[in-house]
Structure formats: C-alpha cells, structure tokens
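# Structural characterization, general
Here's the letter readout for the chains.
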Amino acid sequence: MTIHHHPSDVTLLRLATGMLGAGPTLVVSVHLEGCGLCRERLARFEALGGAILEEQPPAPLVADFFGRTLARLEVPYPTPVAKPMTWKQPALSIELPHAMRHCDVGPWRWLGPGFKWSKVKIAGSPDAKVMLLKGRAGLHLPGHGHTGMEFMQILSGSLSDARGQYFPGDLDEADDEVDHSPLVGQESDCICLAALEGDTRLHGVLGRLLRPIVGF
Ligand SMILES: [Zn+2]
C-alpha cells in the first residue's frame, strides 16, 4: 500500500500543539497508524512546536506562527507502509483501525440509495461530529460543500473527485472551497471515517440528508 494523500502540515502542527478537535484527531490518528512518514513528521512538529511554545509568551497561535514553523520543515512524499492493525467491530461486521478501539460505533443506518452511515462516539467528546460512511461500488455520493474543514480517511474501497483518487490509507482534507460529489470506485464498496470540524455544516444534498438524521 502506498499512501498519496496525507494530513497537511498545519493539521499535524495543530495536533502536535493540542489545537485539533477530538473528531479530526481521531481521523488523523487512524492515518498515523498506517503512515510512518506522518508519524515522523508529527514527532518533528511535537519537538519543534514544544520548543517554540516554550519561547513564546502565552498568546493565541496565529497563522504567522504556523508559517514560520512550517518553513523550517521539509518532508518528502509519498511513502509505502505496512497494513496497520485492525479489530473486528461486531455491530458493523467490519475490521476497524486500532485507533478506533475505544469508540462507540453504532449500526449501519440508511442514508440514501446505496449509501449508509454509522455514528462514531468518542468518549469525553460528545459533540465531536464523526461518522463512518459506506457507499456502494460505482455510486456518486451526494454533492456537498462545507462551511469548515472535513477530514476523511479511506478505510476500504476508493473514492475519486476532481482533485484526485483516494485509496485505503489516504487522508483527504476538504476546506470550504471544495464542493464535491465523490465517486465510489467500481472495485468494491467504500468505507471511510469522516470528521467535520467545529461548527462545520454540510450544505448541498448531503447536508439536507444528514442534518435532520445526524444533527450535523
Ligand atoms: Zn501520511
């Protein structure tokens, strides 16, 4: 397995400095389990972020801080990895990443033709907007945009949109400029773990489908 899509530098730096929410942190943690390159990147951010924070007077982190920190780092892409550990989730009858072992995962629920979701609860973070999504092979997921960041880790199958193709191990970050209708690969159903950030609200067809059911 070769990973082509990784969390951004800003996301890893936010994780390293404790500024990433519980939902996105879970999605990135799943990615980290399978990506040695990003574990290495995170370790460097943790060392660097800690050192910089110690030098700084207490103040809100600003974009310039990230920019200055990122300018010091250069990391090559992509990298091959071994298949990460999984555990069997009884309610869904699928293998889930080790990083999700403490999560309360609900059953599959119908969301639309060929499209299901399962709510993922993170202990101590009841407001985290996290879910598993499952799309049938060859299905176009409903078009949607976001008012904030969406983090999506592919667990099985594949997705593609105008920006590229995403396979197991890949993490996609979509911001408010991305309005997409991802296509599930023909080879198999696709299962992915998705987290919406903060006050993020989906709009478009997916938003209309999800909001009354999921409360997002
Ligand atoms: Zn990575």
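Remember, predicted model here, so these are calculated numbers, not experimental data.

## Section: the overall build of the protein
Along the protein, the regular secondary structure elements total five helices and 16 strands. Burial statistics for the protein: of 216 residues in total, 49% are counted as buried. Restricting to contacts in the protein with at least 6 residues of sequence separation, those with at least 24 account for 67%. Of the roughly 10,500 Å² that the protein leaves accessible, carbon and sulfur atoms contribute 56%.

## A look at the coordination of the zinc ion
Within the protein, the atoms that donate to the zinc ion are His6 (ND1), His31 (NE2), Cys35 (SG) and Cys38 (SG), at distances of 2.1 to 2.3 Å. Each of the four donor atoms around the zinc ion contributes to a set of angles spanning 103 to 116°, which defines the coordination as tetrahedral. Taken in sequence order, the residues that donate to the zinc ion follow the motif H-x24-H-x3-C-x2-C. Side by side, histidine 31 and cysteine 38 carry an identical accessibility label, which is buried.

## Side note on the pairing of strand β15 (residues 190-196)
The buried fraction of β15 amounts to seven of the seven residues, a majority that puts the element mostly inside the structure. On β15, burial covers both faces: Cys190, Cys192, Ala194 and Leu196 on one face and Ile191, Leu193 and Ala195 on the other are all buried. Across seven bridges, strand β8 (residues 129-135) lies against β15 in antiparallel orientation. For glycine 135, the partnering residue across the bridge sits in β15 and is cysteine 190.

## Quick notes on the environment of serine 29
Looking at the element boundaries, serine 29 is found in helix α2 (residues 22-34). Residue serine 29 is classed as partly exposed on the basis of its relative accessible area of 24%. Taking the C-alpha atoms as reference points, serine 29 and leucine 15, 14 residues apart in sequence, are found 9.5 Å from one another.

## Let's talk about the packing of helix α1 (residues 9-16) against α2
The interhelical angle for the contact between α1 and α2, taken along N-to-C directions, is 105°, at an axis separation of 11 Å. Judged on the interaxial angle alone, α2 and α1 are roughly perpendicular. Across from Thr11, Leu12 and Leu15 in α1, the residues of α2 making contact are Thr25, Val28 and Leu32.

## Thoughts on α1
The complete set of buried residues in α1 reads Thr11, Leu12, Leu13, Arg14 and Leu15. Immediately downstream of α1, the backbone of glycine 18 shows phi near 70°, a positive value.

## Structural notes on the environment of histidine 6
Tracing the backbone through its elements, the reader meets histidine 6 in the loop between β1 (2-3) and α1. When its relative accessible area of 10% is taken as the criterion, histidine 6 is described as buried. Considering only alpha carbons, one finds histidine 6 and cysteine 35, 29 residues apart in sequence, at a separation of 8.5 Å. A polar side-chain atom of histidine 6 sits 3.4 Å from the main-chain carbonyl oxygen of isoleucine 3.

## Digging into the nonpolar core
Within the largest apolar cluster, 34 residues are counted, with the highest numbers of intra-cluster contacts made by Leu26, Met100, Val120, Val130, Leu132 and Leu193. Put simply, the parts of the chain that give this core at least two residues each are α1, α2, α3 (36-55), β4 (94-97), β8 and β15. With five residues, α2 is the largest single contributor of residues to this core. Per-domain counts for this core show at least three residues from each of domain 1 (2-80) and domain 2 (86-214). Residues Leu133, Leu141, Tyr166 and Cys192 belong to the second largest nonpolar core, which totals 15 residues.

## Describing the side chain of threonine 11
Its place among the elements puts threonine 11 in helix α1. Engagement of the side chain of threonine 11 in a polar contact is seen with the side chain of glutamate 173, the distance being 2.7 Å. The residues touching threonine 11, leaving out its near neighbours within four places in the chain, are Leu20, Val28, Phe151 and Glu173.

Calculation criteria
Residues numbered from 1 in each chain as written. Predicted model: local features only at pLDDT ≥ 70, side-chain atom pairs only at ≥ 80, totals over all residues. Heavy atoms only, no water. Helix = DSSP H or I, 4+ residues; strand = E, 2+ residues; numbered from the N terminus. Buried < 20%, exposed > 50% of the residue type's maximum accessible area, 1.4 Å probe, protein only. Contact = heavy atoms within 4.5 Å. Areas by Shrake-Rupley, 256 points an atom, 1.4 Å probe, with all protein chains shown as cover. Donors = N, O, S within 2.8 Å, 3.2 Å for Na, K, Ca; no water. Tetrahedral: all angles 85-135°; square planar, octahedral: opposite > 155°, others 65-115°. Pairing = 2+ DSSP bridges. Axes fitted to C-alpha atoms, helices over the stretch in contact; angles between N-to-C directions. Parallel < 35°, antiparallel > 145°, perpendicular 65-115°, else oblique. Polar contact = N/O pair within 3.5 Å; in protein donor to acceptor, adjacent residues only side chain to side chain. Core = buried A, V, L, I, M, F, W, Y, C linked by side-chain atoms within 4.5 Å. Domains from an automatic or database assignment.

From the geometry alone we can't say anything about function, so treat these as descriptive.
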